Amino acid sequence: MSEENTSVVIVGAGHAGGTAAALLRQYGHAGPITLIGEEPIAPYQRPPLSKAWLKGEADADSLALKPQEFYAETGIDLVLGVRVEAIHAAEHTISLSNGRTLPYGVLIIATGARARALPIPGAGLKGVLSLRSAADAEELKAALTPGKRLAVIGGGYIGLEAAASARALGAEAVVIEREPRILARVACEILSTFFTDYHRARGVAFELDAIVEALEGESGRVTGVRLTGGRVLPCDVALVGIGAPPNDEIASAAGLNCQGGIVVDTHARTSDPDIFAIGDVSHRPLAHYHRTFRLESVANALEQARQAAAAITGRPPPPQEVTWNWSDQYDVKYQFAGIPFDVDEILLRGDPAGGKFAVFHLAGDLIQAVEAVNAPAEFMAGRQLIAQRRPISRSRLADTAVSMKEVAA
Amino acid sequence: MPKITYIEHNGSEHVIDVKNGLSVMEGAVKNNIPGIDADCGGACACATCHVYVDAAWADKVGAKSAMEESMLDFAENVEATSRLSCQIKVTEQLDGLIVRMPESQH
């Protein structure tokens with residue numbers, strides 16, 4: 001496996017794939033590396049697409065993971081605008097959409113996830129967008145001029161960040177959510193309430209418990225979102241952010257073990273020892289919880305890129321990380337770590353009304369997850385305490401007079 | 001273009017021309033310099049771009065924000081000259097800056 005000259009082919013040139021290629025070179029891999037991407041541009045960071053980039057605070061250069069010349073200089077064959085159609089694991093080859101067949105020694109699947117489509121009438125109208133790629137973001141940014149009306153379908157992070165950016169650009173925004181609260185799948189109720197209030201105070205409208213029945217249009221362009229009951233919310237552009245299923249079809253067709261994502265071990269290796277899977281497409285072990293899960297985050301993509309690159313180059317595996325992520329909305333820095341499995345108490349530290357607080361999810365005296373709003377110490381200490389599986393005192397954790405340094409001591 | 005010297009924990013030196021306006025972190029990451037991970041891409045959300053600023057430059061790189069200070073409080077092996085390199089913007093005044101990387105960012 002650690003043959004120095006083995007040829008590594010990476011399918012998917014996103015954050016995970018691009019990072020794996022660069023790390024393989026950094027770790028001394030001398031053999032050929034081919035990085036194949038469906039999008040027409042070199043690997044770039046996606047998180048800013050709904051944040052700084054959308055607001056015009058970051059340019060294309062700053063989004064790029066590496067400068068254009070990096071790939072040629074380091075001997076990484078970057079093949080763009082090409083899709084991988086099939087993996088032939090027994091032959092160690094892949095078939096490409098341009099008709100070519102490519103051999104591999106080691107394959108890394110980093111095909112990510114795709115925006116879930118809305119299965120309702122009108123979803124194909126112009127102006128109905130999703131937000132996964134730079135091209136999506138370009139289209140959304142062009143539509144968000146002052147006075148334009150954005151309808152966000154789905155009150156998740158992407159939708160909320162886009163709504164915040166829309167307000168910063170002078171556009172109107174309404175967020176439509178099927179559940180009684182936003183962020184229902186990914187955050188606790190305290191956070192949902194905080195962000196709902198924060199957005200409302202900045203002019204964002206909410207339609208909760210609302211089911212979208214159809215998108216209405218004129219001359220092929222979206223003009224409104226129709227809810228069950230018949231009410232129509234007029235809009236100039238609609239952003240659909242209702243989740244992202246994994247692009248694991250080629251892996252599944254090749255016989256790799258898939259269970260809502262490609263199943264991998266702690267080295268990011270699939271059920272085929274010569275095939276790795278990293279990033280949003282993988283279903284991975286979570287060491288600190290003795291469980292497996294599919295994560296969708298940059299931190300996960302980078303951790304697994306490190307795992308795969310280490311395994312391929314014969315390095316010791318990197319430490320197991322606690323999953324974490326962040327979201328920027330207006331001036332709020334929201335950071336969260338861990339996953340609230342088996343939680344018996346939700347403990348609030350600080351005061352949401354003051355705009356600085358953290359919510360700890362506890363199982364007995366162990367922290368399982370932390371959600372921190374403008375509270376970096378709580379986030380950092382919480383993440384470390386989750387990793388260490390170290391018992392804490394609930395009363396000290398709840399007391400802001402006791403610093404997080406002292407709680408963690 | 002300002003030159004910045006990045007010194008890995010094992011002593012390997014990399015002298016890089018970094019464009020004005022980029023961060024010290026971006027200068028390293030875009031040039032594939034080992035030792036700075038920068039998982040969040042510069043949002044001051046992760047503390048994986050920790051560096052030690054050479055003592056002679058400590059005053060010239062500006063002050064830490066409260067956010068950066070809190071994040072650094074919980075990073076590994078923090079010293080008085082520790083900074084998050086995503087929070088240091090490169091200017092002509094930083095031509096010659098030297099930063100050292102910690103053993104690990106995780």
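Up top you'll find the structure we're talking about.
One numbering rule holds for all chains: residues counted from 1, following each sequence as written. Each chain takes a letter, starting from A, and each ligand takes a number, starting from 1, following the order in which they are written. It should be noted that, the model being predicted, local features are given only for residues of pLDDT at least 70 and side-chain atom pairs only at 80 or more, the latter also being counted only at that level, while totals for whole chains, interfaces and linings use all residues. For the side-chain quantities, the full set of heavy atoms in the structure was used; hydrogens and water were omitted.

Participant: Even after reading the chapter, I still don't get the overall build of chain A, so can you show me in this structure?
Facilitator: Numbering of helices and strands starts at the N terminus; helices are DSSP runs of H or I of at least 4 residues and strands are runs of E of at least 2. For chain A, the count of helices and strands is 11 helices and 24 strands. Atoms counted for the radius of gyration: C-alpha only. Globule rule: 2.2 Å times the number of residues to the power 0.38. Taking 409 residues into account, the globule formula puts the C-alpha radius of gyration at 22 Å, and chain A, at 22 Å, falls close to it. Its C-alpha atoms give chain A principal-axis dimensions of about 65 × 60 × 35 Å. Classification of the 409 residues of chain A by burial places 56% in the buried group. Using a 1.4 Å probe on the protein chains alone, a residue whose accessible area is under 20% of its type maximum counts as buried, one over 50% counts as exposed, and one in between counts as partly exposed.

Participant: When you look at the overall build of chain B in this model, what are you seeing that I'm missing?
Facilitator: In terms of helices and strands, chain B carries two helices and five strands. Helices and strands appear in chain B in the N-to-C order β-β-α-β-α-β-β. Since a compact globule built from 106 residues should have a radius of gyration of about 13 Å, the 12 Å found for chain B is in line with a globular shape. Oriented by its inertia axes, the alpha-carbon framework of chain B measures out at about 35 × 25 × 25 Å. In chain B, buried positions account for 52% of the 106 residues. Here, two residues are considered to be in contact whenever any of their heavy atoms come within 4.5 Å of each other. Summarising the internal contacts of chain B: among those between residues at least 6 apart in sequence, 63% fall at separations of at least 24. Only the protein chains shown count as cover for residues, and all accessible areas are computed by the Shrake-Rupley method using a 1.4 Å probe. Accessible surface, chain B: about 4,600 Å² in total, of which carbon and sulfur atoms supply 47%. Under the convention used here, Asp and Glu are negative, Lys and Arg are positive, and both His and the chain ends fall outside the count. Working definition for charges: the position is that of NZ of Lys, CZ of Arg, CG of Asp or CD of Glu. Computing the positive centroid from 8 side-chain charges and the negative centroid from 16, chain B places the two 7 Å apart.

Participant: Can you walk me through the packing of helix α1 (residues 15-26) of chain A against helix α8 (residues 298-313) of chain A in this structure?
Facilitator: The axes of two packed helices give the description: the angle between them and the distance between them. All names here are of chain A. At a minimum axis distance of 8 Å, the contact between α1 and α8 shows a crossing angle of 35 degrees. In terms of crossing hand, the pair formed by α1 and α8 is right-handed. Of the residues in α8, those touching α1 at H15, A16, T19, A20, L23 and L24 are V298, A301, L302, A305, R306, A309, I312 and T313. The residue classification treats Ala, Val, Leu, Ile, Met, Phe, Trp, Tyr, Cys and Pro as nonpolar and Asp, Glu, Lys and Arg as charged. All others, Gly included, are polar. A per-class count over the contact of α1 with α8 returns 10 nonpolar, three polar and one charged. Note on geometry: axes are lines fitted to C-alpha atoms, helical ones only across the stretch in contact, with angles between N-to-C directions running from 0 to 180 degrees. Crossing handedness follows the turn of the near helix against the far one: under a right angle anticlockwise gives a left-handed crossing, and clockwise gives a right-handed one.

Participant: Could you clarify how one ought to interpret the sheet that holds strand β2 (residues 33-37) of chain A in this entry?
Facilitator: Backbone hydrogen bonds hold the strands of a sheet together, and the pairing may be parallel or antiparallel. All names here are of chain A. Spatially, the five strands line up as an open sheet ordered β3-β2-β1-β7-β17, and their pairing is parallel. Each of the sheet's edge strands pairs with one partner strand only, and the pair in question is β3 (76-80) and β17 (275-277). Averaged over all pairs of adjacent strands, the angle between their axes in this sheet comes to 15 degrees, without regard to strand direction. Summarising the sheet, strand β1 (residues 8-11) and β2 pair through four bridges and their orientation is parallel. What sits directly across from V9, in β2, is T34. Here α1 sits on the sheet in contact with β1, β2, β3 and β7 (106-109), set at roughly 170 degrees to β2. Packed on one face of the sheet, α8 meets β1, β7 and β17 and runs near 160 degrees to β17. At least two DSSP bridges between two strands are required for those strands to pair.

Participant: So what exactly am I meant to see when it comes to the nonpolar core here?
Facilitator: One broad rule of soluble globular proteins: the nonpolar side chains tend to lie buried together. In this description, a nonpolar core means a group of buried Ala, Val, Leu, Ile, Met, Phe, Trp, Tyr and Cys residues linked to one another through side-chain atoms lying within 4.5 Å. Counting 64 residues, the largest nonpolar core has A:W324, A:F360, A:L397, B:Y6, B:I36 and B:L97 as the members making the most contacts within it. In terms of residue count, the dominant contributor to this core is helix α9 (residues 376-388) of chain A (six residues). Residue ranges for the domains trace back to a domain assignment, done automatically or taken from a database. Each of domain 1 (8-114 + 245-313) and domain 3 (331-408) of chain A accounts for three or more of the residues forming this core. When sequence neighbours within four positions are dropped, the list of residues in contact with B:L97 reads B:K3, B:I4, B:T5, B:V24, B:V53, B:W57 and B:V61.

Participant: Help me understand the environment of A:V322 in this model?
Facilitator: All names here are of chain A. Within the secondary structure, V322 sits in the loop between α8 and β20 (324-329). A relative accessible area of 6% means that V322 is categorised as buried. Between the C-alpha atom of V322 and that of Q388, which follows or precedes it by 66 residues, the distance is 9.7 Å. Discounting chain neighbours no more than four positions away, the residues touching V322 are H288, A337, G338, R383, I386 and A387.

Participant: Mind showing me how you'd approach the pattern of salt bridges here?
Facilitator: Opposite charge on two side chains permits them to pair, given that their charged atoms come into close proximity. Residues and elements named next belong to chain A. Salt bridge, as used here: a side-chain nitrogen of Lys or Arg that lies within 4 Å of a carboxyl oxygen of Asp or Glu. Counted by the stated rule, this structure contains 25 salt bridges over all chains. Among the salt bridges present, the one from R349 reaches E378, with a minimum N-O distance of 2.8 Å. Separated by 29 residues along the polypeptide, R349 in strand β22 (residues 345-351) and E378 in helix α9 bring together distant segments of the chain. We note that R349, like E378, is buried.

These figures capture arrangement, not role.
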